[in-house]
Amino acid sequence: MTLLLKNRGSVLILMFNIFLVFTGIGLIIPIMPKFMTELGINGSTVGLLVAAFSLTQLLFSPIAGRLADTFGRKRMIVSGLIVFALSEWIFGIASSSELLFVSRLLGGISAAMIMPAVMACVADVTTMEERAAGMGYINAAITTGFIIGPGIGGYIAEFGIRVPFYTAAIAGIVAAMGTLYFLKESHQAQKASSHSPTTEKQGNRFLAQLRNVYREPYFLSLIIVFVMSFGLANFETVFGLFVDHKFGFGPKDIAFIITFGSIAGAVVQATCFSWILNRFGEKRVISVCLFFAGLFILMTLFVHKFWAIFAVTFIIFLAIDILRPAIGTQMSMIARDQQGYVAGLNSAFTSLGNIAGPVVAGVMFDVNINFPYVLAAIVLLLCFGLSLRGKKSKQLDAGAA
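Residues numbered from 1 in each chain as written. Predicted model: local features only at pLDDT ≥ 70, side-chain atom pairs only at ≥ 80, totals over all residues. Heavy atoms only, no water.

1. Some thoughts on the overall build of the chain
So, step 1. If you tally the helices and strands in the chain, you get 17 helices and 0 strands.
So, step 2. For the chain, the proportion of its 401 residues judged to be buried stands at 53%.
So, step 3. The contacts in the chain between residues at least 6 apart in sequence include a share of 86% that link residues at least 24 apart.
So, step 4. Accessible surface for the chain amounts to roughly 17,800 Å². Of this, 68% is attributable to carbon and sulfur atoms. (Helix = DSSP H or I, 4+ residues; strand = E, 2+ residues; numbered from the N terminus. Buried < 20%, exposed > 50% of the residue type's maximum accessible area, 1.4 Å probe, protein only. Contact = heavy atoms within 4.5 Å. Areas by Shrake-Rupley, 256 points an atom, 1.4 Å probe, with all protein chains shown as cover.)

Okay, here's the thing in structure tokens:
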């Protein structure tokens, strides 16, 4: 409990900031159909809007991570919150699809600025023993934002479909002011900006970073990050369509399954995630979660009753919600004085999966409704084998030494 006693204020501020950003992302889900009608846009445009957000987050994340190392976490978080507020305000006033694209592009940049800086700041203010708990709290805030974002958006939209975005913009400005005045800059960020030539030697371009990242000790973790986000985006994108076409589930059934599973994952992250990681270790937890996620996605094809589908989906969400912070913790342990840079790459590979997952899932769903889940299961189980191979090779290296 030392995390809560020593750094409670900083962690709560960081949790609120990341929660706000991911709540803002979810606002669009229940409101987009009305925007489609009002602005006369089609489903392809909606898909491109989703991709636009993830694309700018992908391209800007490594740059933002390095800037967080150079200029400090606090400055990046405050700047990101201002950009977030601007993106939400533009979406609220949008009268054309072009403005919607501007909003989503800025939204992706804001997420890229905030997420790696928050992750790096948590790494700065926690000890090695506290690190897992810190990452668990942040990821619980992310998961909770995703969970309640659509609900908040749907409720506030009763006052007008643009009101949720104006509300989010005001909240972003308030959060930026609160962070500016109450969040202390971390010592590690100042140290990294003046004593970390390794960060300066990284490629000046994103493509150069991706070209050289395979040499880094955290490369396997980044591959798992991509696979995880690809599989989860794949699963979530077609879940509603899948159970609607195959089982005739209504919106309430789908909402209940997704919301309950996500809440359970958030509770685990905020309560016993630290114990799980300290008891079993990052590598074992990652391997087990990959296995169960892949296995239970495959099982989705063979269950038919509501409660069986609910139980299978619950395990999938739980595995993914434990997997995400476990990978973040593992990479933060390896990153040393490159916390912002590595956190930026983490966000970049997540965005890459979030771009590819929905696109591939949509195409495969049109061919056969079972194909997206077959692919997701195969990819996750192959990655499980890769994680075991990586663990085995490290054990052999240790034995040889």
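2. Examining the packing of aromatic side chains
So, step 1. Taken as a whole, this structure holds 8 aromatic pairs when the rule is applied.
So, step 2. Seen from their ring centres, F226 and F230 are 6.0 Å apart, and the 40° between their planes marks the pair as tilted. Note that F226 and F230 are positioned in helix α11 (residues 219–247) at a spacing of 4 residues, about one turn of the helix.
So, step 3. Take F230: its relative accessible area is 8%, and that puts it in the buried class. (Phe/Tyr/Trp six-rings, centres within 6.5 Å; stacked < 30°, edge-to-face > 60°.)

3. Side note on empty space enclosed by the protein
So, step 1. Tallying each qualifying case throughout the model produces 3 cavities of 30 Å³ or more.
So, step 2. Around the largest cavity, the lining is made up of 10 residues, and of these M119, M135, G328, S332 and A343 lie nearest the centre.
So, step 3. Within the residue set of the lining of the largest cavity, elements represented by two or more residues are α5 (97–125), α15 (306–335) and α16 (339–367).
So, step 4. The element contributing the most residues to the lining of the largest cavity is α16, with 4 residues.
So, step 5. Here the lining of the largest cavity is built from residues that sort into 6 nonpolar, 4 polar and no charged. (1 Å grid on protein atoms, 1.4 Å probe; cavity = no way out; pocket = protein on both sides within 12 Å on 5 of 7 lines; lining within 4 Å. Points joined across faces, edges and corners; volume = space filled by probe spheres on them. Nonpolar A, V, L, I, M, F, W, Y, C, P; charged D, E, K, R; others polar.)

4. Looking at the packing of helix α13 (residues 273–280) against helix α14 (residues 282–299)
So, step 1. Across the interface, α13 lies against α14 with an axial gap of 6 Å and an inter-helix angle of 110°. Comparing the axis directions of α13 and α14 gives the class roughly perpendicular. Between α13 and α14, the residues in contact are I276, L277 and F280 and E282, R284 and V285, respectively.
So, step 2. Taken together, the residues that form the contact of α13 with α14 break down as 4 nonpolar, no polar and 2 charged. (Axes fitted to C-alpha atoms, helices over the stretch in contact; angles between N-to-C directions. Parallel < 35°, antiparallel > 145°, perpendicular 65-115°, else oblique.)

5. A closer look at the pattern of salt bridges
So, step 1. Counting across every chain of the model gives 3 salt bridges.
So, step 2. R162 serves as the salt-bridge partner of E38, at 2.5 Å between the closest nitrogen and oxygen. Linking E38 in helix α2 (residues 28–39) with R162 in the loop between α6 (128–156) and α7 (163–182), this pair joins segments that are 124 residues apart in sequence.
So, step 3. Given the relative accessible area of 45%, E38 is considered partly exposed.
So, step 4. Since its relative accessible area comes to 19%, R162 is described here as buried. (Salt bridge = Lys/Arg side-chain N within 4 Å of Asp/Glu carboxyl O.)

6. A short note on the layout of surface pockets
So, step 1. Of the voids in this model, the second largest pocket is the one considered here, and its volume is about 250 Å³.
So, step 2. As for the second largest pocket, its lining consists of 13 residues, and the residues nearest its centre are I276, V285, V288, C289 and I322.
So, step 3. Where the lining of the second largest pocket is concerned, the elements lending two or more residues are α13, α14 and α15.
So, step 4. With 5 residues, α14 is the single largest residue contributor to the lining of the second largest pocket.
So, step 5. Tallied by class, residues from the lining of the second largest pocket come to 12 nonpolar, no polar and 1 charged.

7. What about a nonpolar patch on the surface?
So, step 1. Where nonpolar side chains cluster on the molecular surface, the patch consists of I82, I173, M177, L180, Y181 and F182 and spans about 680 Å² of accessible area.
So, step 2. The dominant element in the nonpolar patch, judged by the number of residues it contributes, is α7, at 5 residues.
So, step 3. Looking at where F182 falls in the secondary structure, it is placed in helix α7. (Patch = residues over 30% accessible without salt bridge, like charges linked within 9 Å, V, L, I, M, F, W, Y side chains within 5 Å.)

8. Quick notes on the environment of G265
So, step 1. Here G265 is to be found in helix α12 (residues 251–271).
So, step 2. Taking the relative accessible area as the measure of exposure, G265 reaches 1% and is therefore buried.
So, step 3. With 49 residues separating them along the chain, G265 and F314 place their C-alpha atoms 8.6 Å apart.
So, step 4. Not counting residues up to four positions away in its chain, the partners in contact with G265 are L318 and D321.

9. A look at the environment of S61
So, step 1. Along the chain, the position of S61 falls in helix α3 (residues 43–71).
So, step 2. Residue classification places S61 among the buried positions, given a relative accessible area of 0%.
So, step 3. Along the primary structure S61 and A112 are separated by 51 residues, whereas in three dimensions their C-alpha atoms are 4.5 Å apart.

10. Describing the confidence of the model for the chain
So, step 1. The share of residues in the chain with pLDDT of 70 or more is 77%, and the mean pLDDT across the chain is 77.
So, step 2. Of all the helices and strands in the chain, helix α9 (residues 197–200) carries the lowest mean pLDDT, 42, while helix α4 (residues 73–93) carries the highest, 93.
So, step 3. Per-residue pLDDT stays below 50 along residues 187–205; that stretch engages in 29 contacts with residues further than four places along the chain or on separate chains.
So, step 4. Here residues 395–401 is modelled with pLDDT under 50, and outside its nearest four sequence neighbours on either side it reaches 0 contacts, counting other chains as well. (pLDDT = per-residue confidence, 0-100.)

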